[in-house]
Every structure is written in C-alpha cells, then in structure tokens.
Amino acid sequence: MEESDMSEPLLNVKNLSVNVEEKSILHGINLTINKGETHVLMGPNGAGKSTLGCTLMGNPNYHVTDGEIFFGGENITKEAADKRAKLGMFLSFQNPLEVPGISLSNFIRSALSARTGKNVRIWDFNKELQKAMEVLDMDPSYGFRDLKILQLLLLNPSLAILDETDSGLDVDAVRTVSKGIEEYQKSKDGALLIITHSTRILESLHVDKTHVLVDGHLVAEGDGSLVDEINEHGFEQFIVSANEKGENN
Ligand code: ADP
Ligand code: MG
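These notes cover the structure that comes with them.

## Here's the deal with the overall build of the protein chain
Point 1. Each helix and strand counted, the protein chain has eight helices and 10 strands in total.
Point 2. For the protein chain, buried positions account for 46% of its 249 residues.
Point 3. Sequence-distant contacts in the protein chain: of pairs separated by 6 or more residues, those separated by 24 or more amount to 68%.
Point 4. Just so you have it, the protein chain exposes about 12600 Å², and 48% of that area is on carbon and sulfur atoms.

## Quick notes on the sheet that holds strand S4 (residues 62-71)
Where strands meet in a sheet, backbone hydrogen bonds hold them as pairs that are either parallel or antiparallel.
Point 1. Strand order in the open sheet formed by four strands is S2-S1-S4-S5, with antiparallel pairing between adjacent strands. This sheet does not close on itself; its edge strands, each paired only once, are strand S2 (23-33) and strand S5 (74-75).
Point 2. Across the face of the sheet, helix H1 (residues 49-57) comes into contact with strand S1 (11-20), S2 and S4 while running at roughly 110 degrees to S1.

## Remarks on helix H6 (residues 171-187)
Point 1. With 17 residues, H6 should cover 24 Å at 1.5 Å per step; its first-to-last C-alpha distance of 24 Å lies within 8% of that length.
Point 2. Those residues of H6 that fall on the buried side of the exposure criterion are Ala 173, Val 174, Thr 176, Val 177, Ser 178, Gly 180, Ile 181 and Tyr 184.

## A word on the pairing of S2
Point 1. Direction of pairing for S1 relative to S2: antiparallel, over a ladder of seven bridges. Residue pairing in the sheet places Val 20 in a bridge with Lys 23 of S2.
Point 2. Counting the residues in the hairpin turn of S1 and S2 gives two residues, including Glu 21, whose phi is positive at 45 degrees.

## Considerations on the environment of Pro 9
Point 1. Topologically, Pro 9 is positioned in the segment before S1.
Point 2. On a C-alpha basis, the gap between Pro 9 and Asn 34 in space is 4.7 Å, while along the polypeptide they are 25 residues apart.
Point 3. Once you skip the residues sitting within four places of it in the chain, Pro 9 turns out to touch Thr 32, Ile 33, Asn 34, Gly 72 and Gly 73.

## Looking at the pattern of salt bridges
Point 1. By the definition in use, this model includes five salt bridges.
Point 2. A salt bridge links Glu 74 to Lys 83; the nearest nitrogen and oxygen atoms lie 3.0 Å apart.
Point 3. A salt bridge links Glu 79 to Lys 83; the shortest N-O distance between them is 3.6 Å.
Point 4. Classification of Lys 83 by relative accessible area gives partly exposed; the value is 28%.
Point 5. Salt bridges sharing common partners tie together Glu 74, Glu 79 and Lys 83.

## What about the pairing of strand S7 (residues 159-163)?
Point 1. Most of S7 sits inside the fold, with five of its five residues counted as buried.
Point 2. Neither face of S7 is left uncovered, since the one carrying Leu 159, Ile 161 and Asp 163 and the one carrying Ala 160 and Leu 162 both have all their residues buried.
Point 3. Where strand S6 (residues 89-92) lies against S7, four bridges are found, and the strand directions are parallel. When the sheet's bridge partners are listed, Met 89 is paired in S7 with Leu 159.
Point 4. Where S7 lies against strand S8 (residues 191-195), five bridges are found, and the strand directions are parallel. Note that in S8 the partner of Ala 160 across the bridge is Leu 192.

## Structural notes on the sheet that holds strand S3 (residues 38-42)
Point 1. The six strands are arranged S6-S7-S8-S3-S9-S10 in an open sheet whose pairing can be described as mixed. The open sheet has two free edges, formed respectively by S6 and strand S10 (217-222), since each of these has just one partner strand. Direction aside, neighbouring strands of the sheet carry axes that sit 20 degrees apart on average.
Point 2. Set on the sheet, H6 makes contact with S3, S7 and S8; between it and S8 the angle comes to about 155 degrees.
Point 3. The sheet strands contacting helix H7 (residues 225-233) are S3, strand S9 (209-214) and S10, and the helix crosses S9 at an angle near 45 degrees.

## Points about the nonpolar core
Point 1. Counting 42 residues, the largest nonpolar core has Leu 150, Leu 152, Leu 162, Ile 181, Ile 194, Val 212 and Phe 238 as the members making the most contacts within it.
Point 2. With six residues, the single largest contributor to this core is helix H5 (residues 147-155).
Point 3. Residues in contact with Leu 162, not counting those within four places in the same chain, are Phe 90, Ser 92, Leu 152, Ile 181, Leu 192, Leu 193, Ile 194 and Ile 195.
Point 4. Ranked by size, the runner-up nonpolar core spans 29 residues in total, among them Leu 16, Leu 26, Ile 69 and Ile 76.

About the thresholds
- Residue positions are given per chain, counting from 1 as you read along its sequence in written order.
- Note on labels: chains are lettered from A, ligands numbered from 1, in written order.
- Per-residue local features are limited, in this predicted model, to residues with pLDDT of at least 70; the limit for side-chain atom pairs, both in listing and counting, is 80 or more; totals at the level of whole chains, interfaces and linings are taken over all residues.
- Hydrogens and water are ignored here; the side-chain numbers use all heavy atoms of the structure.
- In this text, helices come from DSSP runs of H or I with a minimum length of four residues, and strands from runs of E with a minimum of two, each type numbered from the N-terminal end.
- Between buried and exposed lies partly exposed: a residue is buried under 20% and exposed over 50% of the maximum accessible area for its type, with that area taken using a 1.4 Å probe on protein chains only.
- Contacts were defined at the residue level, with two residues in contact if any of their heavy atoms lie within 4.5 Å.
- Values of accessible area rely on a 1.4 Å probe in the Shrake-Rupley scheme; residue burial ignores everything except the protein chains shown.
- Only when DSSP finds a minimum of two bridges between them are two strands counted as paired.
- Each axis is a line fitted through C-alpha atoms, and for a helix only the stretch in contact is used; angles between axes span 0 to 180 degrees, taken between their N-to-C directions.
- The span you would expect from a helix comes to 1.5 Å times its residue count less one.
- A side-chain nitrogen of Lys or Arg and a carboxyl oxygen of Asp or Glu constitute a salt bridge if their distance falls within 4 Å.
- As used here, the term nonpolar core means buried Ala, Val, Leu, Ile, Met, Phe, Trp, Tyr and Cys residues forming a set that is joined through side-chain atoms within 4.5 Å.

And the structure:
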C-alpha cells in the first residue's frame, strides 16, 4: 500500500482544462480530495462529468491543455492509466463492461493482479470474492450488474471514481451498490468521487462535499445538503452562473 504525505491531499486537481477531439470540454477545474473523503460530482447531461473521470484516470482520448493533476503529492498529469491504477486510482465506467470469453471472476482477478503487481492465487481470490459477495447479499446470477461494486471492494483503491454507477439500475440493484459503497467507506480509508446526475444512490450515504459541474465549469460547491437542494430545485439555478463563466473565458 502506498503511503502519501499526510499534509498532501490525496487528489489535487489544479486549473485543469481538457479537450476531446479538438473540442474544449473542461475549463479550469480545481478539485481537492483528501484521504477517506466522499465527494459527489453532479451536473446535467453533457456537462463534462465523465470527461473529468476519464481524464483523471488517464484515458488517452482526453487531452489536458492546461493545469495539473497530483495524486498522493505526485504529478501524474502525464502518467499512463496503468500507472495511475497501480498508484491506487480506480474508475468504474458508465457503460457496463463486456469482456467476451472472460468470466467475471477471472476478469476481476486480472485487474487485481494489475493493481497489486502480484499474481493473485485463485484460492485466495475465491475466498475474498465469496466474502465480498456475502457482504453484498449478492446473487451470483446477477453477473455484470454487480461487477463494478465487487471490483470496488476487491481492488481496494485509495481513490474510487464511480461514474453513474446507479444509472439504469432497479431499486434492489441500487441498494446493492449503496451497500457496497458503504462497506468501502467504513472498512477502508479510501476516498470516493461519486459522479451522478440523480441522487438515488446518495440517500443512504455520508457525503463530505458536493460539486456542481455545468458546461465544463465547476459552478458551485457545498456539503451533503447541496444534494438535497438539487433534488428539490434541479440545476436551473446554476446554469446562469455557468453562462457567465463561459463569457469570461
Ligand atoms: P456528462 O458525463 O456530464 O454527461 P460528458 O463528459 O460525457 O458529460 O460529455 C461532455 C461533452 O464532451 C459532450 O458535449 C460530449 O459530446 C463530449 N464528449 C465526451 N466524450 C467524448 C468522446 N469520447 N468523443 C467525442 N465527444 C465527447
Ligand atoms: Mg457521463
């Protein structure tokens, strides 16, 4: 397990601007996440939430045009995705991952080997997998639906970015995901960045900070109560301030 300087934030994003296919998507993002904190990133569709997740993880399609990303005090702006995974960053994708011909458990085991840099013995892995499934009350036949949340518990990242992990899930599945996240929050001192445009998944979770992204600008920040406010009044109130920021760019 990598130890970072206590005085350093776990994640420190400074003035980050990002292009996708020559189009400027994110504008001067500043974001600090400390060890063990749960942050929520909200915003309307197309705001750039997934772009931020992909950029943090080092997806090569997302080009940093300005600013820097520090993880555990180390400047990782130019590091490849696998290096970031090894340092303890984890991104669960919005779209369910399909890996033809590879079983769910083999897939996670490979990811775990990549994360630890060691070959994980199948016997040890199966024991861990079973434990995690019991914690989640998980029906193995659910398969891919629960893959992301199982990965979260098994890979034990120091920063987990969960992108719309709740979208398209029924009530029971949302409960499984929430339970997994709660388990991660309580047993590890990992941090979370939960990206969502709905608030269902957040109902039973402790949230330290909420950020609102509109049109590639972070336009508001608050504690967990900002989630409730957005629940009631939507994003309307923030869209004006995003337009003002855009004009000044
Ligand atoms: P959100 O996750 O908040 O809904 P996205 O980050 O997916 O928003 O998208 C923000 C903008 O970036 C959109 O205008 C989208 O069209 C564009 N975009 C994101 N990813 C890509 C991509 N891989 N190729 C082309 N355009 C993209
Ligand atoms: Mg998205």
